[in-house]
Amino acid sequence: MTAQRRVVAEVLDGEHVHLTADEVHARAVAKLPEISRATVYNTLGELVSLGEVLEVATDKRAKRYDPNAHRPHHHLVCAQCGAIRDVHPTGNPLADLPDTERFGFTVSDVEVTYRGLCPNCASV
């Protein structure tokens, strides 16, 4: 693993990390000043292709990158500031879709996004 890839992986490490590519770049530069924006974008693309990172798009905001790619989860998104948290509700949303609502599809995956206001935005 190159130093640049290692730094990008370190920046993405942690629970509930959902950074934009620009945020990843800014944090990576703090650790490795010579890392370029193109290298960060290319590395994020490779990590997404390898299934190591999820690309999360919410509404019309910038894509975010989620390192929690190996544990099934959904997202809770603040409608005001865009903060994202991973959530792990019980149950199986794939099984919850009745056959009458599948319209002949063979459903293989489901993405659920909960929206609301985070504590910071709700208190304003």
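Residues numbered from 1 in each chain as written. Predicted model: local features only at pLDDT ≥ 70, side-chain atom pairs only at ≥ 80, totals over all residues. Heavy atoms only, no water.

Per an unreviewed UniProt entry, the chain goes by the name Fur family transcriptional regulator and belongs to Streptomyces erythrogriseus.

Q: How do you make sense of the nonpolar core when you look at a structure like this?
A: Note on soluble globular proteins: their nonpolar side chains tend to be buried together. Counting 16 residues, the largest nonpolar core has Val8, Leu12, Val24, Val40 and Leu44 as the members making the most contacts within it. Contributing elements (two or more residues each) for this core: α1 (3–12), α2 (21–31) and α3 (37–49). Top contributing element to this core by residue count: α1, with four residues. Among all residues touching Val40, those that are not within four sequence positions of it are Val8, Ala21, Val24, His25, Ala28 and Ile35. (Core = buried A, V, L, I, M, F, W, Y, C linked by side-chain atoms within 4.5 Å. Buried < 20%, exposed > 50% of the residue type's maximum accessible area, 1.4 Å probe, protein only. Helix = DSSP H or I, 4+ residues; strand = E, 2+ residues; numbered from the N terminus. Contact = heavy atoms within 4.5 Å.)

Q: Explain the packing of α1 against α3 to me, please; I cannot follow it from the model alone.
A: Each pair of packed helices gets described by two things: the angle between the helix axes and the distance between those axes. Two elements in contact, α1 and α3, have axes whose closest approach is 10 Å; the angle formed by their N-to-C orientations is 70 degrees. By the angle between their directions, the pair α1 and α3 is classed as roughly perpendicular. Facing Gln4, Arg5, Val8 and Leu12 of α1, the residues of α3 in contact are Thr39, Val40, Thr43, Leu44, Glu46 and Leu47. (Axes fitted to C-alpha atoms, helices over the stretch in contact; angles between N-to-C directions. Parallel < 35°, antiparallel > 145°, perpendicular 65-115°, else oblique.)

Q: What am I meant to see in the packing of α2 against α3 here?
A: Running from N to C, α2 and α3 point in directions that differ by 120 degrees, and their axes come no closer than 9 Å. Considered as vectors, α2 and α3 are oriented oblique to each other. Note that α2 runs across α3; the crossing there is right-handed. In contact with Ala21, Asp22, Val24, His25 and Ala28 of α2, α3 contributes Arg37, Val40, Tyr41 and Leu44. Residue classes in the contact of α2 with α3 are distributed as six nonpolar, one polar and two charged. (Left-handed = near helix turned anticlockwise from the far one by under 90°. Nonpolar A, V, L, I, M, F, W, Y, C, P; charged D, E, K, R; others polar.)

Q: I keep staring at the sheet that holds strand β3 (residues 64–66) and nothing clicks. Help me out?
A: Strand pairing within a sheet occurs via backbone hydrogen bonds; the two strands may be parallel or antiparallel. Pairing is antiparallel in the open sheet, where three strands are placed in the order β1-β3-β2. Bordering the open sheet on either side are β1 (19–20) and β2 (54–56), each of which pairs with just one other strand. The pairing of β2 with β3 spans three bridges and is classified as antiparallel. Bridge pairing links Leu54 to Asp66 in β3. (Pairing = 2+ DSSP bridges.)

Q: Explain the sheet that holds strand β6 (residues 113–116) here, please?
A: Ordered by their spatial adjacency, three strands build an open sheet running β5-β4-β6, and the pairing between neighbours is mixed. Edge strands, defined here as strands with exactly one partner in the open sheet, are β5 (84–87) and β6. Taken over all neighbouring pairs, the strand axes of this sheet differ in orientation by 25 degrees on average, direction set aside. Pairing geometry for strand β4 (residues 74–78) and β6, over four bridges, is parallel. Of the residues in β6, the one forming a bridge with His75 is Thr113.

Q: Which parts of the structure should I look at to understand the pairing of β4?
A: A regular strand places its side chains on the two faces of the sheet in alternate fashion. Counting buried positions over the five residues of β4 gives four, a clear majority of the element. Pairing of β4 with β5 involves four bridges; the strand directions are antiparallel. Within the sheet, the bridge partner assigned to His75 lies in β5 and is Asp86. With antiparallel pairing between neighbouring strands as the criterion, β4 and β5 make up a hairpin whose turn holds five residues, including Gly82 at a positive phi of roughly 85 degrees.

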